[in-house]
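One letter stands for each residue in the lines below.
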Amino acid sequence: MTENRPLKAAVVGVGRMGMVHGHLLSIYPETEVVGFVDLKTRLSDHLTSQGLRGPIYPTVGALFTATDPQAVFVCTPTHTHLSVVRKCLSRRVHLFIEKPLATTRADAEAILRLATEAQVVHAAGYVYAHLPVVQAAHDLLQQGVLGEVLRFTAHAYVSEVFGPKRGWFFQKEQAGGGVVANMASHLLFILGWFFGPIRKVVATTRSHASTVDDSAQALLTFASGVTGLLDTSWSMPGTQMLDYGLTISGRRGTLVLGRDRILLHLLAPAPGHEAGWSQIHASDLPADTAFDVSPHIGGEAFYRQLQTFVKACRTGTLPFCSLEEACNTQRMIDAIYVSAASGGPVELS
Amino acid sequence: MSNLILELRPPESHHYTSWSERLDSVARYSQPDEIHALCEKAYSLGARAILAVFDETIHEALAAFQLWRDVAVWAVVPNMFAFIRDLTDRGLVGAARARFTRLTPSGMARIGLRTMSTLGAILRRDFAVGAMLVSDMELAALRDLRVSRIFLHPQVTEIALAGGSAAVFTALAAKAERLGINPGIVTHNPLRAAAVLGRELRRFAVIISPCNPKGYKMFPDREACERLFRSAPAHFVALEVTAGGTIAAEAALAYIRSLGLAGAVLDFRTVEAAFAARRGG
């Protein structure tokens, strides 16, 4: 791929996320959509009516026969990811896989292994990690502003499930779980990115409305020594979009990460930061987004996510949101479910 | 500033600085009386229009408010978050049926006729036809309100703009003309709107987009947006004027005035803060 040619990309699965990625790939100046893949090829008219240009093929094989994408966005239901990845990697294509990576830890690790062996660039779609304010929090931790990080508390809530639900998203075998796998995983990804590999998990989950987990509490211990609590539920009234928060305490201070701002309390001055309380608002951070695909759901993060992936493909380096990091998230998801089922702690090597 | 506009949308759809602030606000603004009181505060600050995404509470409050205050309602349809939630719970047909059954018999007849005439496009899941059908049903349910302008929900608008699809905007403009009201556009991507719609952009009475001195939510950047705004300032109304609450309302409005824009949209926090400041000062 040369610098001045757009990255040719295909989207597999044209549900809600597939269409969002299709639109972003269409509007991003350095990418070009060469095709879509979906069993329901009759969706072609629907895609065209939204302005999504590009033929729709029934299989990945048909896509590869007709065209030559350099990258594939896998947006099919979670339980199909491994088989879709196998088909995609019959060619050397870079991979972007929507979250969660798989329905099981074994499948997620198999996907990572396949992608690593194929020596392709890979990334997972944990979009909230691309919000400028989340990246700023990561930078503060990396700079050691809090000193040694000790503990955290976190929540991830949404008003989504208040009774029985239908569809693949609410089937454990197809979606990999409930609120933990599909909503809290956004926050688990961020925790893993901030604190490193997971070492031990003690958790409980409950199904009180749907047939999958509707709420969970987890005590997480990272190999870095950081410990903390996560509380999550998709049956909390009051929030149409995912509401998350993270409070991190270190030896030198505390950082509170919200949707649009960071509150920082430092016991002593740190380079660039005074002692006491200060605030970093999203509006104070540099913006490098050309299009907001979804104003209420942090649409700029989708654009930045694509930017990160394209840059990684251009340079041949793995981005921070690689499948390796997503596997750490999958290990947390898996351990939460195992711990909840057994009633005991789960140690990870 | 010639126009101040209050923004109303279900409190569950806002971002908050903490979970407790969220619960306090959602509990408070789930009461029609509290929304009514907010409208009254905005009116006392000079707001003469209300840009609203509807749920039952907002509908009830605005119906009562319009009984005794001469304010225009700028309707943003459809409420996409409610629709998407319904899609998950009930499927496409169930979501449409739920909206249809809320209509009056004459509304049902009108929508029924329209559905028959666009059946092919509906079966093909045509984006513009589908979006307008759901919008029509929501609009039909607002017949007790004095709606002077209609807008598509940003979730529909940004997807259409990303795809470069003008059809849904053309359909909205045609719908507004039939109703004898004005169409408008709410978007975080005004430059893209100008590029997609070209001269057709003039059919829309107003374009509402983020505008503040920090460039917050101004895509692709503040300079490009301001260039566009300056080309026809009377055509644009500012959104996100306080940059997420980081600029005082007075300074924010002074900046909008300096650009000569037609007005500014104030969210509930800005109205509450400005009202409290006026009482205090």
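Because the structure is a prediction, the values reported are computed rather than measured.

Student: For the overall build of chain B, give the residues involved together with the corresponding values.
Tutor: Scanning chain B for helices and strands turns up 13 helices and 8 strands. A compact globule built from 281 residues should have a C-alpha radius of gyration of about 19 Å, and chain B, at 19 Å, falls within 12% of that. Its C-alpha atoms give chain B principal-axis dimensions of roughly 60 × 40 × 35 Å. In chain B, of all internal contacts separated by at least 6 residues, the share reaching a separation of at least 24 is 69%. Of the roughly 11,600 Å² of accessible surface on chain B, 55% is carried by carbon and sulfur atoms. Distance between charge centres in chain B, computed from 33 positive and 27 negative side chains, equals 5 Å.

Student: Which residues make up the environment of tyrosine 57 of chain A, and what values go with them?
Tutor: Residue and element names in this part refer to chain A. Looking at the element boundaries, tyrosine 57 is found in strand 3 (residues 56-57). Along the primary structure tyrosine 57 and phenylalanine 36 are separated by 21 residues, whereas in three dimensions their C-alpha atoms are 6.1 Å apart. Leaving out residues up to four positions away in the same chain, tyrosine 57 has contacts with Val34, Gly35, Phe36, Val37, Asp38, Thr41, Ala62, Leu63, Ala66 and Thr67.

Student: Give a description of the interface of chain A and chain B that names residues and reports values.
Tutor: Between chain A and chain B, the residue contacts involve 42 residues of the former and 41 residues of the latter. Counting the surface lost from both chain A and chain B, the interface buries some 4,000 Å², and carbon and sulfur atoms represent 54% of this. Ranking the residues of chain A by area buried against chain B places Gln240, Pro295 and His296 of chain A at the top, with a combined share of 17%. At the surface where chain A touches chain B, the tally comes to 3 salt bridges. With a closest N to O distance of 2.7 Å, aspartate 284 of chain A and lysine 214 of chain B form a salt bridge. Counting every contact that joins chain A to chain B gives 15 residue pairs in polar contact (both at pLDDT 80 or more). Among the elements of the structure, helix 1 (16-27), helix 2 (44-49), strand 7 (149-157) and strand 14 (276-281) of chain A are those that each provide at least two residues to the side of chain A that touches chain B.

Student: Requested: an account of the environment of threonine 254 of chain A, with residues and values cited.
Tutor: Residues and elements named next belong to chain A. Along the chain, threonine 254 falls in strand 12 (residues 253-257). Since its relative accessible area comes to 23%, threonine 254 is described here as partly exposed. Dropping the residues within four chain positions of it, threonine 254 is found in contact with Leu146, Thr247, Ile248, Ser249, Leu263, Leu264 and His265.

Student: Can you explain the sheet that holds strand 6 (residues 206-210) of chain B? Please cite residues and give values.
Tutor: Residues and elements named next belong to chain B. Strand order in the closed barrel formed by 8 strands is 1-2-3-4-5-6-7-8, and the pairing between neighbours is parallel. With strand direction ignored, the average angle separating the axes of adjacent strands in the sheet is 25 degrees. Sheet topology note: the strand 3 (residues 72-77)/strand 4 (residues 147-152) ladder contains 5 bridges and is parallel. Of the residues in strand 4, the one forming a bridge with valine 76 is phenylalanine 151.

Student: Let's hear about the packing of helix 2 (residues 32-45) of chain B against helix 3 (residues 56-68) of chain B: which residues, and what values?
Tutor: All names here are of chain B. Between helix 2 and helix 3, whose axes approach to 8 Å, the crossing angle comes to 50 degrees. One finds that helix 2 runs oblique with respect to helix 3. Crossing of helix 2 over helix 3 shows right-handed handedness. Here helix 2 contributes Pro32, Ile35, His36, Cys39, Glu40 and Tyr43 to the contact with helix 3, which in turn contributes Thr57, Ile58, Glu60, Ala61, Leu62, Ala64, Phe65 and Trp68. In terms of residue class, the contact of helix 2 with helix 3 is made up of 10 nonpolar, 2 polar and 2 charged.

Student: Please set out the packing of aromatic side chains residue by residue, giving values where relevant.
Tutor: Residue and element names in this part refer to chain A. Evaluation of the coordinates by the stated rule reveals 23 aromatic pairs over all chains. On the basis of an interplanar angle of 85 degrees and a centroid distance of 5.3 Å, the ring pair of phenylalanine 73 and phenylalanine 309 is categorised as edge-to-face. In this pair, phenylalanine 73 is assigned in strand 4 (residues 71-74) and phenylalanine 309 in helix 9 (residues 299-315), connecting sequence segments 236 residues apart. Residue phenylalanine 73 shares its accessibility class with phenylalanine 309, and that shared class is buried. Between the aromatic rings of tryptophan 193 and phenylalanine 194, the centroid separation amounts to 5.7 Å while the plane-to-plane angle is 40 degrees, which identifies the pairing as tilted. What makes phenylalanine 194 buried here is its relative accessible area of 9%.

Student: Help me get a handle on the pattern of salt bridges, residues and values and all.
Tutor: According to the stated counting rule, one finds 20 salt bridges over all chains in the structure shown. Two residues, glutamate 30 of chain A and arginine 314 of chain A, come together in a salt bridge whose shortest N-O distance is 3.2 Å. Residue glutamate 30 of chain A is found in the loop between helix 1 and strand 2 (31-37), and its partner arginine 314 of chain A is found in helix 9; the two are separated by 284 residues along the sequence. You can call arginine 314 of chain A buried: its relative accessible area is 15%. Ionic pairing is found between arginine 69 of chain B and glutamate 40 of chain B, a salt bridge with its closest N-O pair at 2.5 Å. Here glutamate 40 of chain B lies in helix 2 and arginine 69 of chain B lies in the loop between helix 3 and strand 3, a separation of 29 residues in the sequence. Several salt bridges share partner residues, and in doing so they unite Arg28, Glu34, Lys41 and Glu272 of chain B into one network.

Student: Let's hear about the sheet that holds strand 5 (residues 94-98) of chain A: which residues, and what values?
Tutor: All names here are of chain A. The strand order across the open sheet built from 6 strands is 3-2-1-4-5-6, with neighbouring strands paired in parallel fashion. Bordering the open sheet on either side are strand 3 and strand 6 (122-125), each of which pairs with just one other strand. Direction of pairing for strand 1 (residues 7-12) relative to strand 4: parallel, over a ladder of 4 bridges. Bridging from a neighbouring strand, alanine 9 pairs with alanine 71 of strand 4. Where helix 9 meets the sheet, it contacts strand 1, strand 2, strand 4, strand 5 and strand 6, and its direction lies at approximately 155 degrees from that of strand 5.

Student: Which residues make up the pairing of strand 10 (residues 227-233) of chain A, and what values go with them?
Tutor: Residue and element names in this part refer to chain A. As defined by bridge partners, strand 7 adjoins strand 10 across 7 bridges and the pair is classed as parallel. Of the residues in strand 10, the one forming a bridge with alanine 156 is threonine 232. With 7 bridges connecting them, strand 9 (residues 215-222) and strand 10 associate as antiparallel partners. Considered in strand 10, the bridge of threonine 221 is made with threonine 227. Hairpin connection of strand 9 to strand 10: 4 residues between the antiparallel strands, including glycine 225 at a positive phi of 100 degrees.

Student: Break down the nonpolar core for me, with residues and values.
Tutor: Counting 203 residues, the largest nonpolar core has Phe152, Phe194, Phe195, Leu220 and Ile248 of chain A together with Leu8 and Leu62 of chain B as its most contacted members. At 13 residues, the largest contribution of residues to this core is made by helix 8 (residues 179-195) of chain A. Among residues more than four places away in sequence, those in contact with isoleucine 248 of chain A are Leu141, Leu146, Val149, Arg151, Phe152, Phe194, Phe195, Gly253, Thr254 and Leu255 of chain A. Counting residues in each nonpolar core, the second largest holds 15 residues, with Ile5, Val76, Val186 and Leu239 of chain B among its members.

Student: Got a sec to walk through helix 5 (residues 105-117) of chain A? Specific residues and values, please.
Tutor: Residue and element names in this part refer to chain A. In this model helix 5 runs 18 Å from its N-terminal to its C-terminal C-alpha over 13 residues, within 8% of the 18 Å that 1.5 Å per residue would give. Of all the residues in helix 5, the buried ones are Ala108, Ala110, Ile111, Leu112 and Ala115. At its buried positions, helix 5 is contacted by helix 4 (81-88), strand 5, strand 6 and helix 10 (323-342). Directly after helix 5, the chain includes glutamine 119, whose backbone phi takes a positive value near 55 degrees.

Basis of the calculations
- Residues numbered from 1 in each chain as written.
- Chains lettered and ligands numbered in written order.
- Predicted model: local features only at pLDDT ≥ 70, side-chain atom pairs only at ≥ 80, totals over all residues.
- Heavy atoms only, no water.
- Helix = DSSP H or I, 4+ residues; strand = E, 2+ residues; numbered from the N terminus.
- Rg over C-alpha atoms; globule rule 2.2 N^0.38 Å.
- Contact = heavy atoms within 4.5 Å.
- Areas by Shrake-Rupley, 256 points an atom, 1.4 Å probe, with all protein chains shown as cover.
- Lys, Arg positive; Asp, Glu negative; His and termini not counted.
- Charge placed at Lys NZ, Arg CZ, Asp CG, Glu CD.
- Buried area = accessible area lost by both parts, 1.4 Å probe.
- Salt bridge = Lys/Arg side-chain N within 4 Å of Asp/Glu carboxyl O.
- Polar contact = N/O pair within 3.5 Å; in protein donor to acceptor, adjacent residues only side chain to side chain.
- Buried < 20%, exposed > 50% of the residue type's maximum accessible area, 1.4 Å probe, protein only.
- Pairing = 2+ DSSP bridges.
- Axes fitted to C-alpha atoms, helices over the stretch in contact; angles between N-to-C directions.
- Parallel < 35°, antiparallel > 145°, perpendicular 65-115°, else oblique.
- Left-handed = near helix turned anticlockwise from the far one by under 90°.
- Nonpolar A, V, L, I, M, F, W, Y, C, P; charged D, E, K, R; others polar.
- Phe/Tyr/Trp six-rings, centres within 6.5 Å; stacked < 30°, edge-to-face > 60°.
- Core = buried A, V, L, I, M, F, W, Y, C linked by side-chain atoms within 4.5 Å.
- Expected span 1.5 Å × (residues − 1).

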